[in-house]
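Summary of structural features
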Amino acid sequence: SAVISQKPSRDICQRGTSLTIQCQVDSQVTMMFWYRQQPGQSLTLIATANQGSEATYESGFVIDKFPISRPNLTFSTLTVSNMSPEDSSIYLCSVDSRGSTGGYTFGSGTRLTVV
Amino acid sequence: SQQGEEDPQALSIQEGENATMNCSYKTSINNLQWYRQNSGRGLVHLILIRSNEREKHSGRLRVTLDTSKKSSSLLITASRAADTASYFCAARSGNTPLVFGKGTRLSVIA
């Protein structure tokens, strides 16, 4: 299965600023997924990132707030824009490297605190 | 939504005991997966059971699936302190992204 390097592992940011999270995969994958995990909660899918096309956002998430780039088949970034304390969460990228019959591989997560 | 819903939300057991977590989902699935998360880190894929399977084993893990009841269970036998983590189920249908349940927080006390 794929190995994902996610950066940064954690950050403390001022409200109103933006943070870009990077995920690098050691193999080419068609789709990458970005999830948010609010404190004590489960994972919520933010968007699916496909190479060469715009990301597909889930209900409640918009491109202006969470712009995503997918310049090639091994890399993606998620930006959390104009942050507020409510954006304090763990953000995770993942890939479905084994096809529809396998499990997802996750990055180690980015713990974001907005003050 | 085919979101999995786990119960219990939290479980505390003594080392050496077995831990059972349950998951229910709402729609037809291709497979059901279980993941572990340690201290807010990334999730680790534990085991996958296909819709045509009823039981699967992997080391100390045993997963069952009842598609007629749309439910699954994860059994961890002879638990260890290192098993302390949150456990999530996720139902998979076609190529749609995984949707995760709320999770069970397991504490294994040495």
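These numbers were taken from a predicted model, which means no experiment stands behind them.

So, the interface of chain B and chain A
Across the contact, 22 residues belong to chain B and 23 residues belong to chain A. At the boundary of chain B with chain A, total buried surface from both sides reaches about 1600 Å², with 49% on carbon and sulfur atoms. Looking only at chain B, the three residues that lose the most surface to chain A are B:L43, B:P97 and B:F100, adding up to 27% of its buried area. For the interface between chain B and chain A, the tally reads one salt bridge. Where A:D96 meets B:R92, a salt bridge forms, and the shortest distance between an N and an O atom there is 2.8 Å. At the level of elements, β4 (31–37), β5 (43–50) and β9 (85–92) of chain B are the ones that each hand at least two residues to the side of chain B that touches chain A. Taken together, the residues of the side of chain B that touches chain A sort by class into seven nonpolar, 11 polar and four charged.

Here's the deal with the state of the cysteines
All names here are of chain A. All chains considered together, the criterion is met by two disulfides over all chains. Note on cysteine connectivity: C23 is disulfide-linked to C93, with sulfurs 1.8 Å apart. Residues C23 and C93 are joined by a disulfide whose S-S torsion is about -90 degrees; by sign, that bridge is left-handed. With a gap of 70 residues between them, C23 in strand β3 (residues 19–25) and C93 in strand β9 (residues 89–95) connect regions that are remote in the sequence.

Considering the confidence of the model for chain B
With 96% of its residues at a pLDDT of 70 or more, chain B has an overall mean of 92. Strand β1 (residues 5–7) of chain B is the least confidently modelled element of chain B, averaging 78 in pLDDT, while strand β7 (residues 61–66) of chain B averages 98, the highest of any element.

Some words on the sheet that holds strand β3 (residues 19–24) of chain B
Residue and element names in this part refer to chain B. Across the sheet, five strands lie side by side as β1-β3-β8-β7-β6; this open sheet has antiparallel pairing. On the outer flanks of this sheet lie β1 and β6 (55–58), each paired with one strand and no other. Averaged over all adjacent pairs, the angle separating strand axes in this sheet is 20 degrees, with direction ignored.

Here's the deal with the sheet that holds β3(A)
Two pairing modes exist for strands in a sheet, parallel and antiparallel, and in both the strands are linked by backbone hydrogen bonds. Residue and element names in this part refer to chain A. With antiparallel pairing, four strands are arranged side by side in an open sheet as β1-β3-β8-β7. Sheet topology places β1 (4–7) and β7 (68–72) at the edges, where each strand pairs with a single neighbour. Between one strand and the next, the sheet's axes are offset by a mean angle of 15 degrees, whatever the strand orientation. Here β3 pairs with strand β8 (residues 75–80) via six bridges, running antiparallel. Across the sheet, residue Q24 finds its bridge partner in β8, namely F75.

About the criteria used
- Residues numbered from 1 in each chain as written.
- Chains lettered and ligands numbered in written order.
- Predicted model: local features only at pLDDT ≥ 70, side-chain atom pairs only at ≥ 80, totals over all residues.
- Heavy atoms only, no water.
- Contact = heavy atoms within 4.5 Å.
- Buried area = accessible area lost by both parts, 1.4 Å probe.
- Salt bridge = Lys/Arg side-chain N within 4 Å of Asp/Glu carboxyl O.
- Helix = DSSP H or I, 4+ residues; strand = E, 2+ residues; numbered from the N terminus.
- Nonpolar A, V, L, I, M, F, W, Y, C, P; charged D, E, K, R; others polar.
- Disulfide = S-S within 2.5 Å.
- pLDDT = per-residue confidence, 0-100.
- Pairing = 2+ DSSP bridges.
- Axes fitted to C-alpha atoms, helices over the stretch in contact; angles between N-to-C directions.

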